[in-house]
Amino acid sequence: MSDSQPWTAAPSAAEHARSVLAASWSCAVTAEGGREEFVGAHTVAEDGRVTLDVPDDSTLVAAAICAPRGEPSAVLEFADVAPVPVRSRIRARLWIAGWFVPVDGRLEFTTTRVVLRRPSGAVVVDLDEFAAAAPDPLATAEARLLTHLADCHPDAVERLTRLVDADSLHGAVRVQPLAVDRHGLTLRIERARAHGDVRLPFHAPADDVARLTERMHVLLTQASAASCPRALQRQRTDRDG
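Residues numbered from 1 in each chain as written. Predicted model: local features only at pLDDT ≥ 70, side-chain atom pairs only at ≥ 80, totals over all residues. Heavy atoms only, no water.

A.B. asks: Tell me what's going on with the overall build of the protein, and back it up with residues and numbers.
C.D. replies: Along the backbone of the protein there are 7 helices and 11 strands. Along the first, second and third principal axes, the C-alpha atoms of the protein reach 65 × 40 × 30 Å. Out of the 241 residues in the protein, the part that is buried amounts to 42%. Across the protein, the fraction of contacts at a sequence separation of at least 24, relative to all contacts at a separation of at least 6, is 54%. For the protein, the accessible surface area stands at approximately 12800 Å², while carbon and sulfur atoms represent 51% of it. Charged side chains in the protein number 27 positive and 33 negative. The centres of these two groups are separated by 9 Å. (Helix = DSSP H or I, 4+ residues; strand = E, 2+ residues; numbered from the N terminus. Buried < 20%, exposed > 50% of the residue type's maximum accessible area, 1.4 Å probe, protein only. Contact = heavy atoms within 4.5 Å. Areas by Shrake-Rupley, 256 points an atom, 1.4 Å probe, with all protein chains shown as cover. Lys, Arg positive; Asp, Glu negative; His and termini not counted. Charge placed at Lys NZ, Arg CZ, Asp CG, Glu CD.)

Have a look at this one:
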């Protein structure tokens, strides 16, 4: 696809789920033995299969051995947490149901159901689509990219609000970068007692950080040519005063 073609796509549910899985460092597991939290203990295969490395005394080991083979007996939960401090930092939750099989001291998970909950609601992800999907190419770099944008370039974030419809900015007290993927950048607009999100699509997909830099430059150039929202002008004036 050439850069001259419009590009307004968003990640599919399967791609979003795989991105959450790829970027998550922690995992909560609910099984017959209770609920346990694990940090840095899971690995993900190319087809999305999860393997968990747990201590020998974990109740999950006993639960995996005693659970009826072929019947769902555990649920893995992964939280997609915004790296930049904002209200309601959980952007999505991913639940994977199935059962564990002990293999060479580790627990391999067989998936029977995948559910992704986003602000728009929950969706059941097709297992074949989940296995075939690839994580967003920016998923593992997103936290670093967004924190850098928020901490080092707040002026750029404010400039990008010129691309946001004025109605969406009504009553805004703060705007922060919430998410970025190959398709676009999402801004969190916070008001006194509420918040909302606005997506700024890229003109073409950004499949690596170099292309993301170019896509961001295009957005900022477009923003520079737009007028500053009056709402934020008033906020800045009140703050400076």
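A.B. asks: How would you sum up empty space enclosed by the protein? Please name residues and give values.
C.D. replies: Enumeration over the complete set of coordinates arrives at 1 cavity of 30 Å³ or more. Counted as a void, the largest cavity has a volume near 40 Å³. Around the largest cavity, the lining residues are A31, L60, A63, A64, A67, S73, A74 and F100. Ranked by residue count, the leading element in the lining of the largest cavity is helix α2 (residues 59-66), at 3 residues. Looking at the lining of the largest cavity residue by residue, the classes come out as 7 nonpolar, 1 polar and no charged. (1 Å grid on protein atoms, 1.4 Å probe; cavity = no way out; pocket = protein on both sides within 12 Å on 5 of 7 lines; lining within 4 Å. Points joined across faces, edges and corners; volume = space filled by probe spheres on them. Nonpolar A, V, L, I, M, F, W, Y, C, P; charged D, E, K, R; others polar.)

A.B. asks: Can you break down the environment of E32 residue by residue, with the values?
C.D. replies: Among the secondary structure elements, E32 is positioned in the loop between β1 (26-31) and β2 (34-39). Assessed through its relative accessible area of 75%, E32 is described here as exposed. Residues E32 and D165, 133 residues apart in the sequence, show an inter-C-alpha distance of 49 Å.

A.B. asks: I'd like a rundown of the packing of aromatic side chains, residues and numbers included.
C.D. replies: Counted by the stated rule, this structure contains 1 aromatic pair. Seen from their ring centres, F100 and F109 are 4.8 Å apart, and the 65° between their planes marks the pair as edge-to-face. Look at F100 and you get buried, because its relative accessible area is 5%. Residue classification places F109 among the buried residues on the basis of a relative accessible area of 3%. The ring of F130 is capped by R18, whose NZ or CZ atom sits 5.6 Å from the centre of that ring. (Phe/Tyr/Trp six-rings, centres within 6.5 Å; stacked < 30°, edge-to-face > 60°. Lys NZ or Arg CZ within 6 Å of the ring centre and 35° of its normal.)

In short, the description is geometric, and any link to function would need to be established separately.
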